[in-house]
Amino acid sequence: MSEGLSIGDTVVGRYKLLDLLGVSSTRSAYRAYDSEVEVEVALWSMRAELFSTHASRAAFVTAAKRAREVRHPHLLRIFEVDTHVQGFDESLYLTQQLGTSAELEGRLSAGGMAEPATILRYAQSLSTALDALHTGGLYHGWLMPADVVEVASQVKLCGAGLFADLQAESALAIWGEGVRYLDPELVESGRCSAASDWYGLGVILLELALGEPALSVPESLASLSKVSTKQAEALSLVLAPKPEDRIAAGVSFMAGVKRAWEEPNAATAAYHKPVNLKAPAPDSNYAPTLSMEQSFIDAEVAQRIAAHRAETSLMVSEVDQRRRFPVPPRSPALKAKTPLRKWTR
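Residues numbered from 1 in each chain as written. Predicted model: local features only at pLDDT ≥ 70, side-chain atom pairs only at ≥ 80, totals over all residues. Heavy atoms only, no water.

Draft legend 1. Quick peek at the environment of Gly112. Mapped onto the fold, Gly112 is located in the loop between α2 (102-110) and α3 (116-135). For Gly112, a relative accessible area of 48% corresponds to the partly exposed category. Setting aside residues up to four positions removed in sequence, Gly112 forms contacts with Leu208 and Gly211. (Helix = DSSP H or I, 4+ residues; strand = E, 2+ residues; numbered from the N terminus. Buried < 20%, exposed > 50% of the residue type's maximum accessible area, 1.4 Å probe, protein only. Contact = heavy atoms within 4.5 Å.)

Draft legend 2. Region of interest: the pattern of salt bridges. With the rule as written, the count across this model stands at nine salt bridges. With a shortest N-O distance of 2.7 Å, Asp34 and Arg14 are connected by a salt bridge. Of this pair, Asp34 sits in strand β3 (residues 27-34) while Arg14 sits in the loop between β1 (10-11) and β2 (15-23), placing them 20 residues apart in sequence. When sorted by exposure, Asp34 lands in the same class as Arg14, which is buried. (Salt bridge = Lys/Arg side-chain N within 4 Å of Asp/Glu carboxyl O.)

Draft legend 3. Quick peek at the environment of Ser125. Structurally, Ser125 is set in helix α3. Sequence-wise, Ser125 and Gln154 are 29 residues apart; in three dimensions their C-alpha atoms are separated by 8.5 Å. Sequence-distant contacts of Ser125, that is, excluding residues within four places in its chain, are made with His74 and Val155.

Draft legend 4. The arrangement of the packing of α3 against helix α6 (residues 194-210) in detail. The interhelical angle for the contact between α3 and α6, taken along N-to-C directions, is 175°, at an axis separation of 11 Å. On the basis of their axis angle, the class for α3 and α6 is roughly antiparallel. Contacts from Ile119, Tyr122, Ala123, Leu126, Ser127, Leu130, Asp131 and His134 in α3 reach Ala194, Asp197, Trp198, Leu201, Leu205, Leu208 and Ala209 in α6. Residue composition of the contact of α3 with α6, grouped by class: 11 nonpolar, two polar and two charged. (Axes fitted to C-alpha atoms, helices over the stretch in contact; angles between N-to-C directions. Parallel < 35°, antiparallel > 145°, perpendicular 65-115°, else oblique. Nonpolar A, V, L, I, M, F, W, Y, C, P; charged D, E, K, R; others polar.)

Draft legend 5. View of the nonpolar core. With 70 residues, the main nonpolar core has Phe60, Leu205, Leu208, Leu235, Leu239, Phe253 and Trp261 as its most contacted residues. The element best represented in this core is α6, accounting for 10 residues. Apart from residues lying up to four places away in sequence, Phe60 is in contact with Met46, Phe51, Val81, Leu92, Leu94, Leu162 and Phe163. (Core = buried A, V, L, I, M, F, W, Y, C linked by side-chain atoms within 4.5 Å.)

Here it is in structure tokens:
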């Protein structure tokens, strides 16, 4: 919890702190009640050591106000940013939409390869958010899983543009294991760019695909290539060692991601290939045949196909019997003697 702030405190006479949502390397996040508009919001109290000078605090406020002007369905809306003084402490605070980052962080910590639909969902949402941010002339700067939140089951990117001017020395000292999401050039020089944002997104998707931390990006890409060459190639577009070799548009990136995760591999395609039944020839003993290899069929599927074969053969047999021994039509005289009975109530 930030120094000087406790649950129940009211920030700037407006935001009452209701609950502590979490503490990260950059901020303490609270659920707060905005008494002016009577809604709950997320309030960030930034770590003082990251913004210890007046210049760094002014840069943060300017960046937040610029990010507030960029509107996109997958960018978390910023409401207000300013400084809060309590006692002798002065800290930055920021209010925005109330969301949770537990979904993505929980998936990554639990391990296990994510479903293709999950990877496509995060890739689509975050790539379009980054495109909107870059079009507005901003960079996220230090993209990590904690910056991916959900609001009403919709994926949103938060912290956009807030840390682009952060000093690399002070940031890296407290980032810990989160450094693996950072572009190597960003770690060395502290300069943010669109390429560094795409790199962070690529590492997040790589960990979702593998189900384990990407402690070494080249080794993780090699492991993914054993599972799917197309998936490894798609992510390598944003994980190239040199920033100039990385893709610069979300549309092109998503095209490769969709091809890699939507198209089934050869084994899956053969397994799910539909049964191809030949049409019966006239006056012949009909027996359905299968076009796929029996090695791809498990016992349950084989039983279903055998039952389908027996049922189809019975139906064809009945049709064949009717064709060979048709029922003769009734004669007019017979119709007159035995008229059809009309049922009445």
